[in-house]
Structure formats: structure tokens, C-alpha cells
Amino acid sequence: MNDVADMQTTQEAAERIRVQGLVQGVGFRPTVWRLARRYGLRGSVANDGQGVSIHVCGPVAALDGFAAALLREAPPLARIDRIEREPTAVLPQHPDFRILGSHATTVSTGVVPDAAACPECVQEVFDPFARRYRYPFTNCTRCGPRLSIIEAIPYDRATTTMRAFAMCPQCRAEYVDPADRRFHAQPIACHACGPRAWLERADGAPVAVDAFTMLDDVDAVCTLLQRGHIVAIKGLGGFQLACDACNEAAVARLRRLKRRSRKPFALMARDVETVRRYCVVTEGEEALLLSPAGPIVVLDATGPERVAESVAPGVKTLGFMLPNTPLHHLMLRRMNRPIVLTSGNRSDEPQCIDNAEARARLGGIAEYFLMHNRDVARRVDDSVVREMAGAPRVLRRGRGYAPAPLSLAPGFSAAPAVLAMGGELKNAFCLLRDGRAIVSHHMGDLEDALTYADYRNCVERYLKLFEHEPRIVAVDCHPEYLSRKWGQELSARWGASLLEVQHHHAHIAACLAENAFPLEGGPVIGVALDGLGFGTDGTLWGGEFLLADYRECKRLGTFKPVAMPGGEQAVYEPWRNTYAHLMAEMGWARFAMNYAELDLYRFLEAKPRRLLDRMISRGINSPLASSCGRLFDAVAAAAGVCRERVTYEGEAAVALEALVDERTLKEEDELLAYPFAIPRLKSAHLPYVEPLAMWQALLGDLLLGTPVPVIAARFHKGLAIVIARMVDTLSREAGGDKPVRTVALSGGVFQNRVLLEQVTARLKAIGFEVLTHRHVPPNDGGLALGQAAVAAARSLTNSQ
Ligand SMILES: [Zn+2]
Ligand SMILES: [Zn+2]
């Protein structure tokens, strides 16, 4: 017996090990090499079309140890989806362990997102004795640019915008040494051979270097910011505009010149300690700030110090990020307070990425430019993440996250290639193939002509980059969406089939898809709450309760459809929604009789009511919308929050959430929450959320002079209660003998932390499994993923 055991431990075996996931361009092969040496194995490792392929031989126990260590010690940017081990009879030819060159790589291996400078590189940059001391483009396999510099696959220096820079002998030596952190780090560079940064004045005059003591041009930016200047900085994914966040005059000037009214600015600080002076940072939030993705993290602005009022007017949160490139680290080293760091553009246009374009378009805003000579292959915006209901949630998916693929449930792997075009606002598109979905980086609002041009361009470049040939193009039903029009054109050009997916069905499917909900998992109750989406009956929807799976969806319930007097205008003038709601619930006479003391009454009385009444009654430019977003507008304006005008959609809801009194939310008697009823619509016999009682309670509170934070809390709580009640009722009705126990929450309204947490907790308390968004935004930024999943699921049914 002992002989056999001995034989097994000493006996040599050979294996072919296949690793799939995000394993290329992240320093995976050197890790394999290091581990193979540790376990005394012979063989080789190579990149191939599916990922990484390893051929090893050695003692059986060592092979097991090696495989386990691969999982445990994978490089920080890698993501292992699958490891397959297969015994082979053939022993590897090599007497030692080798890294082989890449075979022609296809793209199922994934393009890796850009990653924030790693601690080792940062340390090097600040080490006066290191070769890369103060070098702003320092990177290694664990960090640095990827998506923003890549032009084609395979990911190789020659296919990136780094190809303009020939490696010096020292960099080359690091590049070919498997033991080096920079082994095959494609953007490897140093002072001697890499890109360089320089300072320019917007007016073209020379920079007066002696005007300040400084180490170099990057360091000079810090002095300029401290003196109140606005500086345009060429970041990783495009130009950014920066100024001192504590200098009210500078921030206000930036707002005016950028033509950005009240939307909060993002901030950057040199370290977490600086952030803590302005915000409370939880452990989870700190981890997010320090993560390789390095997103903007939305934090509660309740620290001891304040930034300038103009940074985020009327909002109780601040969006902070830490330096994500050595250039930003160097720039902020001496800055002991936060800076505003916002995308380099005017209002809703796309960010500039090219030096000449930046000089032309940002010259009127910035006084100085920090330029460099490495091209940005594609504009990539910063990502925005917020911790809500106990998990980080991506609200804008850009730098650091895109284009890492999302793995769908196994059933999807047989679906044909799909391109989903996304929505109109906050657009992102999606490629689906082999059971994986690649959601593009955030594109923006297609209503802007430059953004639309950029979008069309990016769609084609992603298709090329990922060698993706769509057989189906999925679009929204809205006849006026530009994404739909472009999708129609592309499908005609390629002879691909075109599939329409209803807006709110796509929202729910996106939520199912990112949770890898099984393809045959049965229907769920989908709660899709947003601003506006095109409904199957041709009217505007936006507060929907659906019975949905990936293929089909049925509208089970809704919010009360109320007119939007002035159409689009009602989105930007919240009081119009208040007026429409009050007229729908009680009419002017009753409102005047009971609430004439209110300041709201005097406000509305001064408006052109005749005209509005006529528009509403005749349905002129006053479409009915069952929108939860518009209900938020109506309530906010009634309470005196953002009553007259908002500058971006959803601003009133953001302001109302910011006001919510936490104690009312947690401690107050539930009976004081504003009540909603659930009657049935006469026309469609659909149950709907009826807000009459809520309005009476709210107006009553206004008469009593109840503080607005208490009103805001009572509204949020009441809304959460009625949503949970509606779900409970519908799940029983819909399921018959098999009640539906899973709920998916989606739509832009669920960016509201208070509502998301209230609804989730209430649904869980009555036994529901609640699916929510984490990796794609609940807003229209996640729409394309849902469209793609619906298209894939339907095609799988048809082919059966
Ligand atoms: Zn690094
Ligand atoms: Zn070099």
C-alpha cells in the first residue's frame, strides 16, 4: 500500500489547464510563471483565443497546489470565470517553465478597463531615487490605461496609442523579464522614452515659469489651482476641467463658463484623510475609493468642513474620487484641499480628447492647459458609484468598469450575436455573445449632435474591437429615439433582424441579466420606476408593475396617468406637475376652498391657469404619463423644493431625497406616512397607485407648517409602503397557485437611496427575494443590457 501512495506523490503527471475570464493584459502569465517555479513544475503558458492555456507537468500534489494557488494569487486586475483541468499523456517539451508568445487572440478574452495607479507605482513616482521619480505616465501590469488607449485587438503595444513611443533599453529589459512587475505591460514608459506632459497658456503666451517655484509643469498646476485659476487637464479618458473646490469665485466662474447650472461637480482629493474632512466615509466607501476602478463615490457631505457652495447646490452629498493616474497624484501632492474635477466640455457636449480640439473648445473656459502627447483612443468618462442598501451601485459606468463583460446565466451562451442600441439619455450600448454582455462606457445624451456622432463612431469601433457581427439589433420602441433610428439603419445595412424592446421591459430584463437570473427562471414582478418611457399602448409610462421574464412582459399595475401640461416643459418646470396632479385629484375650486392659505396656492394662482386647463382638457401638448419621476417632481414642487425650474431631469427628486429627515423615516409611527390607495383604472381595469389621500395629507401638513424634511420623509415612506403592497397583491393574483416570490427593481427612480432602501427592506420583510442593480445603472444607462438579454432570449425560443 505504502508503495502505491509513494508512487502517487512522486509520480509525474501532465495537465492542460485552461483559464477563462479577464486574464490577458493583466500580468497573468508572469503570475503563472512564478507559481510554476514555486511548485517546481515544467511546461509553458500562452495566451490564446479563449484566455490562458497552461501545459504543466510535475508531481500530482504539486499540480493541485499550483491550481489552487492560481485562484488564490491571481493578479489584482484579473477576473477568473473558469478553470478547467485536463490530464494529458504528452509531457511538455520544455525542461523548465516558459512563457510563450500570444497566439492570434480573439476577443472572447475581453478588453480590460483602465485601472487606477497601483500603490507600487505611486510609491515609485514619489521616490527621488527611482528611475520613474515624478514620471506622470508610470504604470505596470497591475495598473494603467487599457480601454482609453486601445485601438485594435490583440492588446499589444502596436495596437495602442503608445505605439508612437519606442521603448528605451531599460524599459525593454523590464518588458521582457517575467519576474518584473512590468513584464508585457503594454503602456510601459519612462522619462527617457515615454509621453511627456507640459503646461500651456490658453492665450498662447509663454508660461512664465519663474512666476512660481515649482518642480515641473505638473507641479505648477497645483500652484495655479491654489491661485484660483481654471486649468484644463488631459486625463486618462479625455480632458478635465479643474479648480480649487474651496474657492467660491473659481467654482462659480467654472459653472458659468461651462454653462452648467446646478448639477453637482465631482471632486478629487489627494487621499482619504482629506476626503474625511468633508464627508463621512464608511469602510465600504473607502474600499471603493481605493479600488483599481477608482470611481467617483457619492458620499454624505457631513464632515466638519465645507467646500464652496457652488460645488453641489442644494444637495447633501458630494462625489469624490482619488487620484487615478500618477499625473493626478503629482498634481495634488501639495494640495491640502479638494479640487473640482469635471469633464472638459461645455454643458452636454462630449468631453474633448484631442489637444487641438481642446484648445479650440475649452480655450474660453480654462486659462491653462496641462497637455501631453499620448493620444486618447476613446473618450471615457469617470464612473459614479453610490453605496445603497448595503452594496455599491454603479450609477454611471465608465472608466474602471467598462468594458469588463458581465456573465449572463448559462442558458444565454447559445444565443446569436446581438447589438443593443440603448436609450436616448445616459446612453450606453451593449454587445452580447457567448453568454457574455459587454456594456459600453457611458455615452451621454444623444440629443446633443456631437454626442450622437461620437456614439455612432463608438458603436462601430466597439464592433471592430470585439470582432462582433450582430445578427440581431435591439432597439427601444420610442419612434423618436436617435439610438433606434441608428439601429434601424445598421440592421438594414447588415441584413440583421431588428427587434423592438419596450422600455420598462428592458429595465427589468437588465436587472435579471446582471443578477444572472436563469433563462428559464420563470416570471418575476418587475417594478420599473423612471421618468418617461414609451409604453406598448402608445402612451408615456414611467411607474410600472410588470410580470416579466426575459422574453415577455405583461403590465399588471401602474401609477395614475396624469397630464404633463407643456410636454417636455413639464420635465423642467416641476410646478406644472403639481398643478396637473391637483387638478386631476380635486380641481381648482376644491383646492382653493381648502388650501387658499398656502403659499403654494398663491404661487399657482399667479400662473396662466386658463391656458393650462385648456391644454389639459383638450390634450394639447399635454400627454398623459404614469410617471413616478413626475410624481416626485409634483411633490417636491408642492413642498417648495425646486418649484419653478430644474436644470436637469430628476433634480427635484434628488433635492427631495437630500431633505429627508432620517428620524422620521426610522422612528415615526408608520400611520403618519402618506397614504396611497390602489383602485383600478376604468379603461384598462389595471390596479394603479392613486395619490389623492397622499395629496390631502401632504397639503394638510403644509397648512400645519410641518417642516419640509418631515414631509419628504413621510412621502418616501408612504410611497415605499404602497409599492410593497402593490407587489404583494400582484404576486398573489399573477401566480395563481404558484405565487411569484421574486421582485426586480429598476428604473432611474431607484437611484434614490431612501426609496431603494425602504422598498427593499419592506419587500424582504414580507418574504420576497429582491433583485437590484449593482453593475449597471438602474437608469437608462442599463437599458441596452436589458434589450440585449430580451433579444437573445427571444431568438433562443424561436430557434427551438
Ligand atoms: Zn502599477
Ligand atoms: Zn523607458
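Residues numbered from 1 in each chain as written. Chains lettered and ligands numbered in written order. Predicted model: local features only at pLDDT ≥ 70, side-chain atom pairs only at ≥ 80, totals over all residues. Heavy atoms only, no water.

Ideal coordination angles are 109.5 degrees for a metal with four donors arranged tetrahedrally and 90 or 180 degrees for a metal with six donors arranged octahedrally. Each protein donor to the zinc ion (ligand 1) is listed here as Cys118 (SG), Cys121 (SG), Cys140 (SG) and Cys143 (SG); together their distances run 2.3 Å. The coordination sphere of the zinc ion (ligand 1) comprises 4 donor atoms, whose angles at the metal cover 105 to 116°; the geometry is tetrahedral. Considered as a linear motif, the donors of the zinc ion (ligand 1) on their single chain read C-x2-C-x18-C-x2-C. Of this pair, Cys118 sits in the loop between strand 5 (97-99) and helix 4 (119-125) while Cys140 sits in the loop between helix 4 and helix 5 (169-176); the two residues are 22 residues apart in sequence, bridging distant segments of the chain. For Cys118, a relative accessible area of 7% translates into the label buried. By relative accessible area, which is 0% here, Cys140 ends up buried. (Donors = N, O, S within 2.8 Å, 3.2 Å for Na, K, Ca; no water. Tetrahedral: all angles 85-135°; square planar, octahedral: opposite > 155°, others 65-115°. Helix = DSSP H or I, 4+ residues; strand = E, 2+ residues; numbered from the N terminus. Buried < 20%, exposed > 50% of the residue type's maximum accessible area, 1.4 Å probe, protein only.)

A separate point is the packing of helix 2 (residues 28-38) against helix 3 (residues 60-72). Here helix 2 crosses helix 3 at 145°, and the two axes come no closer than 10 Å. For the pair helix 2 and helix 3, the sense of crossing is right-handed. Of the residues in helix 3, those touching helix 2 at Phe28, Val32, Leu35 and Ala36 are Phe66, Ala69 and Leu70. Considering only residue class, the contact of helix 2 with helix 3 consists of 7 nonpolar, no polar and no charged. (Axes fitted to C-alpha atoms, helices over the stretch in contact; angles between N-to-C directions. Left-handed = near helix turned anticlockwise from the far one by under 90°. Contact = heavy atoms within 4.5 Å. Nonpolar A, V, L, I, M, F, W, Y, C, P; charged D, E, K, R; others polar.)

Enumeration over the complete set of coordinates arrives at 3 cavities of 30 Å³ or more. For the largest cavity, the calculated volume is near 150 Å³. Looking at the largest cavity, it is lined by 19 residues, and the ones nearest its centre are Pro136, Leu236, Thr325, Pro326 and Arg374. Ranked by the residues each element gives to the lining of the largest cavity, the list is headed by helix 10 (residues 326-332), at 3 residues. Here the lining of the largest cavity is built from residues that sort into 9 nonpolar, 8 polar and 2 charged. Considering the residues around the second largest cavity, the lining is formed by 14 residues, among which Lys560, Val562, His581, Ser627 and Leu631 are closest to the centre. (1 Å grid on protein atoms, 1.4 Å probe; cavity = no way out; pocket = protein on both sides within 12 Å on 5 of 7 lines; lining within 4 Å. Points joined across faces, edges and corners; volume = space filled by probe spheres on them.)

This next bit is on the pairing of strand 1 (residues 12-22). Note: strand 1 against strand 3 (residues 51-59), 8 bridges, orientation antiparallel. By the bridge assignment for strand 3, Ala13 is matched with Gly58. By the bridge criterion, 9 bridges tie strand 1 to strand 4 (residues 79-88) in an arrangement that is antiparallel. Along strand 4, the bridge assignment pairs Leu22 with Arg79. (Pairing = 2+ DSSP bridges.)

Closest axis-to-axis distance for the helix 23 (residues 692-704)/helix 24 (residues 708-735) pair is 10 Å, and the angle between their directions is 170°. Accordingly, the angle class assigned to the pair helix 23 and helix 24 is roughly antiparallel. In this structure, helix 23 contributes Met694, Leu698, Asp701 and Leu702 to the contact, and helix 24 contributes Ile711, Arg714 and Phe715. Tallied by class, the residues present in the contact of helix 23 with helix 24 amount to 5 nonpolar, no polar and 2 charged. (Parallel < 35°, antiparallel > 145°, perpendicular 65-115°, else oblique.)

Those protein atoms acting as donors to the zinc ion (ligand 2) are Cys168 (SG), Cys171 (SG), Cys190 (SG) and Cys193 (SG), and they sit at 2.3 Å. Note that the zinc ion (ligand 2) binds 4 donor atoms; their angles at the metal cover 105 to 114°, and the shape is tetrahedral. Going along the chain, you hit the donors of the zinc ion (ligand 2) in the pattern C-x2-C-x18-C-x2-C. With a gap of 22 residues between them, Cys171 in helix 5 and Cys193 in the loop between helix 5 and strand 6 (197-201) connect regions that are remote in the sequence. Classification of Cys171 as buried rests on a relative accessible area of 0%.

If you trace the 5 strands from one edge of the open sheet to the other, you get 4-1-3-2-5, paired in mixed fashion. Only two strands of the sheet have a single partner each, and these edge strands are strand 4 and strand 5. Each neighbouring strand pair of the sheet contributes to a mean axis angle of 15°, computed without reference to strand direction. Its contacts with the sheet put helix 2 on strand 1, strand 2 (42-48), strand 3, strand 4 and strand 5, and the angle it makes with strand 5 is roughly 175°.

Attention shifts here to the pattern of salt bridges. Tallying each qualifying case throughout the model produces 58 salt bridges. Close ionic contact of Arg484 with Glu500 constitutes a salt bridge, the shortest N to O distance being 2.8 Å. Residue Arg484 is found in helix 13 (residues 482-494), and its partner Glu500 is found in strand 21 (residues 497-501); the two are separated by 16 residues along the sequence. Under the relative-accessibility criterion, Glu500 is labelled partly exposed at 40%. (Salt bridge = Lys/Arg side-chain N within 4 Å of Asp/Glu carboxyl O.)

Of all residues except glycine, most have a negative phi; of all peptide bonds, most are trans. Look at the link from Ala402 to Pro403: it is a cis peptide, with omega at 0°. Take Pro403: it is sitting in the loop between strand 15 (391-396) and strand 16 (406-407). The residue Ala516 is not glycine, and still its phi comes out positive at about 50°. Residue position: Ala516 is located in the loop between helix 14 (503-514) and strand 22 (524-534). Phi at Asn621 is positive, roughly 45°, even though this residue is not glycine. For Asn621, the location among the structural elements is in the loop between helix 19 (609-618) and strand 26 (624-627).

Moving on, we come to the layout of surface pockets. Its volume calculated, the second largest pocket comes out at about 580 Å³. In terms of lining, the second largest pocket is formed by 25 residues, of which the most central are Ala293, Gly400, Tyr401, Ala404 and His775. A breakdown of the residues in the lining of the second largest pocket according to their chemical character gives 17 nonpolar, 3 polar and 5 charged.

What follows deals with helix 7 (residues 248-258). Within helix 7 the residues assigned to the buried category are Ala250, Val251, Leu254, Arg255 and Lys258. Along helix 7, the residues classed as buried sweep out an arc of 135° about the axis, all on the same side. Across helix 7 from its buried face, at more than 90 degrees, point the exposed residues Ala249 and Arg256. On its buried face, helix 7 sits against strand 8 (239-244) and strand 12 (339-343). Put simply, Asn247 is the residue that caps the front of helix 7, since its side-chain oxygen is 3.1 Å from the backbone nitrogen of Ala249. Looking one or two places after helix 7, you find Arg259, whose phi comes out positive at around 55°. (Arc of directions from axis to C-beta. Polar contact = N/O pair within 3.5 Å; in protein donor to acceptor, adjacent residues only side chain to side chain.)

Within the largest apolar cluster, 136 residues are counted, with the highest numbers of intra-cluster contacts made by Phe591, Leu698, Leu699, Phe715, Leu719 and Leu755. In terms of residue count, helix 24 provides more of this core than any other element does, 12 residues in total. Core analysis: the second largest hydrophobic core is formed by 44 residues, Cys430, Val439, Val790 and Leu796 among them. (Core = buried A, V, L, I, M, F, W, Y, C linked by side-chain atoms within 4.5 Å.)

Turning our eyes to something else, we now look at helix 14. Residues that lie three or four places apart on an α-helix share one face, since the helix turns once every 3.6 residues. Helix length check: helix 14 (12 residues) gives 17 Å between terminal C-alpha atoms against 16 Å at 1.5 Å per residue, within 8%. The buried fraction of helix 14 is high, at 12 of 12 residues. Listed as buried for helix 14 are His503, His504, His505, Ala506, His507, Ile508, Ala509, Ala510, Cys511, Leu512, Ala513 and Glu514. Two or three places before His504, at the opening of helix 14, Gln502 has a side-chain oxygen 3.0 Å from that residue's backbone nitrogen. Once helix 14 finishes, Ala516 follows within two positions and takes phi at roughly 50°, a positive value. (Expected span 1.5 Å × (residues − 1).)

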